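Results of the structural survey
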Amino acid sequence: MINMIFLGPPGAGKGTQSANIIRDFNIVQISTGDILRAAVKEGTEFGLMAKKYMDEGKLVPDDVIIGIVKDRLQADDCKNGFILDGFPRTIPQAIALDSMLKDSLNTEITHIISLEVPDEDILERLTGRRTCENCKKGFHIKFAPSAKGDVCDECGGKLIQRDDDKEETIKKRLNVYHEQTSMLKDYYKNSGKLSIIDGTGEPDEIYTKIKGILS
Ligand code: AP5
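These remarks concern the structure in this document. (Residues numbered from 1 in each chain as written. Predicted model: local features only at pLDDT ≥ 70, side-chain atom pairs only at ≥ 80, totals over all residues. Heavy atoms only, no water.)

**With respect to the sheet that holds strand β6 (residues 138-140)**
In spatial order, the strands read β6-β5-β7; together these three strands make up an open sheet with antiparallel pairing. Two strands bound the open sheet, and with one partner strand each, they are β6 and β7 (159-160). As judged from the three bridges shared by strand β5 (residues 129-132) and β6, these two strands associate in the antiparallel manner. By the bridge assignment, T131 is partnered in β6 with G138. Packing of helix α6 (residues 119-127) onto the sheet brings it into contact with β5 and β6, and relative to β5 it is tilted by some 40°. (Pairing = 2+ DSSP bridges. Helix = DSSP H or I, 4+ residues; strand = E, 2+ residues; numbered from the N terminus. Contact = heavy atoms within 4.5 Å. Axes fitted to C-alpha atoms, helices over the stretch in contact; angles between N-to-C directions.)

**So, the pairing of strand β3 (residues 81-85)**
Burial analysis of β3 places five of its five residues in the buried class, the great majority of the element. Of the two faces of β3, the one carrying G81, I83 and D85 and the one carrying F82 and L84 are both buried. Of the pairings in the sheet, the one linking strand β1 (residues 2-7) to β3 comprises five bridges and is parallel in character. Opposite M4, over in β3, you have I83 as the bridge partner. (Buried < 20%, exposed > 50% of the residue type's maximum accessible area, 1.4 Å probe, protein only.)

Any functional reading would require information that these geometric values do not contain.
Okay, here's the thing in structure tokens:
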């Protein structure tokens, strides 16, 4: 059983590597960013509230995110294992996760992987990121271009840029990461479950390291 937390700054490659993990290990990815973007797209009251924070590169309030993750983890498809991508992001979120796993779900985290990428690389990664509007496959205009140019090479969908992948917002997101999220490595350092991986280099090489940890 793999119940994994994926840590790392924005643009470290958590989404890219999660796609490999869910394919090979048959577990689900729970991306709080994707859940929030879906709510924004639906235009719900909650989505409009979340958008304000996301567009400014800030974190959505802890109580909101904790409630979302608690509901999602109770779904049947999480029973075979899950990747938490983008959660926890603050110490209060990590404490809430500990208690929801122990008290309500009777399970535990098995692996915590932190992908390390320097800030200098993040800007180029995120300004060049594109995502298929339809199937959500991720691309990069330089590092992982679509074989079909401007459209998705799997489904032909339009490739779009995220609203928060503007240079100014990326810098704010990186500050938030350093101020509120990176200390989670300290929080988990005595758990015996934390692996810190160099996230620079070829995605396939990075995945080989991740697969080695999970196998
Ligand atoms: P979220 O969606 O979680 O964004 P993030 O953590 O900032 O991470 P990203 O999705 O930007 O990056 P990634 O690590 O997945 O990188 P990717 O694989 O795409 O959160 C967005 C917002 O939602 C937050 O700012 C916040 O407002 C809110 N939110 C979410 N969770 C929250 C929470 N728990 N609490 C409060 N608020 C929350 O890769 C990036 C690019 O690089 C791609 O183009 C890819 O092709 C390329 N790439 C990947 N690997 C490599 C490589 N090895 N070499 C070169 N390029 C590469």
